[in-house]
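Working through the structure, step by step
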Amino acid sequence: MTELDPVIHTPARLRIMTALNEALEDGDEIAFPALQKLLDMTAGNLTSHLAKLEDAGYITVAKTFAGRKPVTRVAMTPAGRGAFRAYRTALLDILGGSR
């Protein structure tokens, strides 16, 4: 049986990676509040799962300021895109689906 990436396999992180893969082109970023709204997750829950994905090198989280207001942006890394594609392929292989 094909091994599924445990970092991505958690339901919340799978939702995050799927949303980022679908919503962003290479090099694009999404603001934290927009991602939070898209996923309908609490800020604390989203933050903890983003930290795991960032530790794995699958996403980047950039914190800047717009004037005096903090802005957090999330982007998928090339390694993250590759890991998501590999995860998707492995899942489809397990389910007997096509790529």
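Here's a quick rundown of the structure. (Residues numbered from 1 in each chain as written. Predicted model: local features only at pLDDT ≥ 70, side-chain atom pairs only at ≥ 80, totals over all residues. Heavy atoms only, no water.)

Examining the pairing of strand E2 (residues 59–66)
Alignment of E2 against strand E3 (residues 69–76), held across eight bridges, turns out to be antiparallel. By the bridge assignment for E3, Ile59 is matched with Met76. (Pairing = 2+ DSSP bridges. Helix = DSSP H or I, 4+ residues; strand = E, 2+ residues; numbered from the N terminus.)

Here's the deal with the sheet that holds E3
Across the sheet, three strands lie side by side as E1-E3-E2; this open sheet has antiparallel pairing. The sheet is open, and its two edges are formed by strand E1 (30–31) and E2, each paired on a single side. Summarising the sheet, E1 and E3 pair through two bridges and their orientation is antiparallel. Bridge pairing in E3 links Ile30 to Val74. Together, E1, E2 and E3 form the strand contacts of helix H2 (residues 11–23), whose direction differs from that of E3 by roughly 85 degrees. On the sheet, helix H4 (residues 43–55) packs against E2 and E3 and is oriented at approximately 120 degrees with respect to E2. (Contact = heavy atoms within 4.5 Å. Axes fitted to C-alpha atoms, helices over the stretch in contact; angles between N-to-C directions.)

Quick look at the packing of H2 against helix H5 (residues 78–95)
The geometry of H2 relative to H5 is characterised by a closest axis approach of 11 Å and an angle of 115 degrees between their N-to-C directions. With respect to H5, the element H2 is oriented roughly perpendicular. Crossing handedness for the pair H2 and H5: left-handed. Where H2 abuts H5, its residues Leu14, Met17, Thr18, Leu20 and Asn21 lie against Gly80, Arg81, Phe84 and Tyr87. Per-class residue counts for the contact of H2 with H5 are five nonpolar, three polar and one charged. (Parallel < 35°, antiparallel > 145°, perpendicular 65-115°, else oblique. Left-handed = near helix turned anticlockwise from the far one by under 90°. Nonpolar A, V, L, I, M, F, W, Y, C, P; charged D, E, K, R; others polar.)

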